[in-house]
Amino acid sequence: MPITDYLEKNSELYGNEVCLVELNPEIQEKRYVTWKEFSLTEPKQTAPYRREITWGIFNEKANRFANLLINNGIGKGDKVAILMMNCLEWLPIYFGILKSGAIAVPFNFRYDTDEIEYCANLAEVDIMVFGSVFIGRLEPIADKLSKKCKLIYAGEGTCPSFADSYTELTADQSSLNPNVEISDSDDAAIYFSSGTTGFPKAILHNHESLMHSAKCEQAHHGQTHKDVFLCIPPLYHTGAKMHWFGSLVSGSKAVLLKGTKPEYVIQAVNNERCTIVWLLVPWAQDILDDIDSGKIDLSKYDLSCWRLMHIGAQPVPPSLIKRWKKVFPNHDYDTNYGLSESIGPGCVHLGIENTHKVGAIGVAGYGWQTKIVDTEGNTVKRGEIGELCVKGPGVMTCYYRNEEATKECLKDGWLFTGDMAKEDEDGFIFLVDRKKDVIISGGENIYPVQIEDYLRKMDQIKDVAVIGMPDQRLGEISAAIIEVKEGYTLTEDEVNEFCYGMPRYKRPRKIIFADIPRNPTGKIEKPVLRKIYCVENLVARENES
């Protein structure tokens, strides 16, 4: 059963019900409120930019785009890229691609011109649908791209000369389901890795992967038709989309919120009656900081609808969740772990019943298996550190057009994640660090996440990242880049004194106060930090010599 069947079902059962809301609080449109509230003595009210569509319209739009693709010769094996910011058009276009039998290829909206061209060539894209933000990035390569793929503009305003208009092209297409036969083994989507070691790799998934991610999400978070999911992260990423799949399975409403300011999140929950919110670590920290500082007065909002907050995409500091539960004691909490190679979140899952194990990423998720292995591939004993491996229906087919990389991480159906982890006595998995982020200092393995979790206990610290820096004597030393909370001060001596509670070899040898860069999915961009501070350190050493 393809995941598109859920869309057809929802259209039949809930055709006139709103399924998606797009909110952009940063765009204010002046309009009158309801007549009862309107007063000639008061100025016109302002409200956040808001759009919505029903399940019926969603399905019709997906069918129109699917039929457009089919009528342009697109079908199984062909690739259609989406280069758009979150909006109401995004998901209908994605599902239109799936309904046509083609392969959906979401692009990271941060890609520059070179990365767009590289990924389009790597994935062998036949059609690219793009939004207005990307006109300037596509224009320099439009001639080269158009020789290989058709460019379709799905943004506001005038369509650029190098593309065709999505609105015009779909206007005359049939709104009926094209009924393309799709099997579980058919290729469905290509997602791109974060590209932390260079240009991204293309990750190929089949329809079974997509369906399993939907079942997994609904099994973990129990979405019902009454739930409302607040989706903030970008839809190009597996995390956001696969969490939304829980709404698809249950036929429930979701809200696409543009902007991550704490007040936007709280207002959206209040106004749209959101019940489930997926946050990233820095967003949760910002919300708590604004509540603590008085910038957000919770007494002004009705948040009684909010039942679940969950976090993924990165290690979660236990101190953050303990703090969250003090402010929101009635919230269920969950941690989800996953990779784009394992079709996003859920291959490892804490579970709302296991909040006492906060700090762990959990146990094998619905339909998944896990193991932790040494460098020879042998399963390690509980308590020992090794590489986390996962196996299940959501594992990728391969790295598209990269057989060597595929062989490195796919072995006998097991996906080697590159994450170092350990199991406690109860079988709960704790992330230790990324394999490539481990610091080897004087022969000792140092795991940055452990130091980061320890430092986050300091009230003055907003965010922290620990990286290895070259050292002539020890090979590497640990350096802590610390972002201090607004309104607080912190000195190097104070940090060093706080670190006396750690074993000597784990204490950071260098303290740097600076902002912490994170990507759109909330992950700390350690390659950026290494480029800045490791290069600076090497240059300084060369100058000294």
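Here the structure is shown first, and the text comes after it.
Each value, and the rule that gives it
- Residues numbered from 1 in each chain as written.
- Predicted model: local features only at pLDDT ≥ 70, side-chain atom pairs only at ≥ 80, totals over all residues.
- Heavy atoms only, no water.
- Core = buried A, V, L, I, M, F, W, Y, C linked by side-chain atoms within 4.5 Å.
- Buried < 20%, exposed > 50% of the residue type's maximum accessible area, 1.4 Å probe, protein only.
- Helix = DSSP H or I, 4+ residues; strand = E, 2+ residues; numbered from the N terminus.
- Contact = heavy atoms within 4.5 Å.
- Salt bridge = Lys/Arg side-chain N within 4 Å of Asp/Glu carboxyl O.
- Phe/Tyr/Trp six-rings, centres within 6.5 Å; stacked < 30°, edge-to-face > 60°.
- Lys NZ or Arg CZ within 6 Å of the ring centre and 35° of its normal.
- Expected span 1.5 Å × (residues − 1).

Undergrad: How should I be thinking about the nonpolar core in this particular structure?
TA: Side chains of a nonpolar character, in soluble globular proteins, are inclined to be buried together. Ranked by internal contacts, the top residues of the largest apolar core, which has 123 residues, are Phe107, Met128, Trp244 and Leu279. Counting residues per element, this core draws most heavily on helix 3 (residues 90–100), which supplies seven residues. Ignoring any residue separated from it by four or fewer positions in sequence, one finds Trp244 in contact with Leu20, Trp55, Phe58, Leu91, Phe95, Phe229 and Ala254. Formed by 22 residues, the second largest nonpolar core is a distinct cluster that contains Val348, Val390, Val395 and Cys409.

Undergrad: Please explain the environment of Leu415 as it appears in this structure.
TA: Within the secondary structure, Leu415 sits in strand 21 (residues 414–423). If sequence neighbours within four positions are ignored, Leu415 has contacts with Leu339, Glu341, Ser342, Leu388, Cys389, Val390, Val395, Cys409 and Leu410.

Undergrad: Just to check I follow, could you spell out the pattern of salt bridges for this structure?
TA: Once their charged atoms are close, side chains differing in charge can pair, the charge on each being opposite to the other. According to the stated counting rule, one finds 27 salt bridges in the structure shown. Its salt-bridge partner being Lys150, residue Asp164 comes within 2.8 Å of it at the nearest N-O pair. Taken together, the residues Asp164 in strand 7 (residues 164–165) and Lys150 in strand 6 (residues 150–153) connect sequence positions 14 residues apart. A relative accessible area of 33% means that Asp164 is categorised as partly exposed. Its salt-bridge partner being Lys357, residue Asp424 comes within 2.6 Å of it at the nearest N-O pair. Here Lys357 lies in the loop between strand 15 (344–349) and strand 16 (363–364) and Asp424 lies in the loop between strand 21 and strand 22 (429–434), a separation of 67 residues in the sequence. The exposure class of Lys357 is buried, given its relative accessible area of 11%. Sharing partners across several salt bridges, the network here consists of Glu22, Arg51, Glu89 and Lys258.

Undergrad: Would you take a moment to explain the packing of aromatic side chains for this structure?
TA: The description of an aromatic ring pair uses the distance of the two centres, along with the angle that the planes make with each other. Taken as a whole and judged by the stated rule, the model has 19 aromatic pairs. On the numbers, 6.0 Å between centres and 80° between planes, the contact of Phe95 with Trp244 is edge-to-face. On the criterion of sequence distance, the pair formed by Phe95 in helix 3 and Trp244 in helix 9 (residues 238–250) is long-range, its members being 149 residues apart. Across the pair, exposure class does not vary: Phe95 and Trp244 are buried alike. A ring pair is formed by Trp244 and Phe245, whose centres lie 6.0 Å apart and whose planes are at 55°; its orientation type is tilted. A single burial state applies to Trp244 and to Phe245, both of which are buried. Through pairs of rings, three or more aromatic residues link up here, namely Trp55, Phe58, Trp90, Tyr94, Phe95, Trp244 and Phe245. For the cation-ring pair, Lys201 lies above Tyr399, with the distance from its terminal atom to the ring centre recorded as 5.1 Å. One cation-aromatic arrangement involves Lys485 over Tyr488; the distance from NZ or CZ to the ring centre is 5.8 Å.

Undergrad: How should helix 2 (residues 55–71) be read in this particular structure?
TA: In an α-helix there are 3.6 residues to a turn, and that puts residues three or four apart on one side. The end-to-end C-alpha separation of helix 2 is 24 Å, in line with the 24 Å expected for 17 residues at 1.5 Å each. Listed in full, the buried residues belonging to helix 2 are Trp55, Gly56, Phe58, Asn59, Ala62, Asn63, Phe65, Ala66, Asn67, Leu68 and Leu69. A positive backbone phi angle near 80° is found at Gly73, which sits one or two residues after helix 2.

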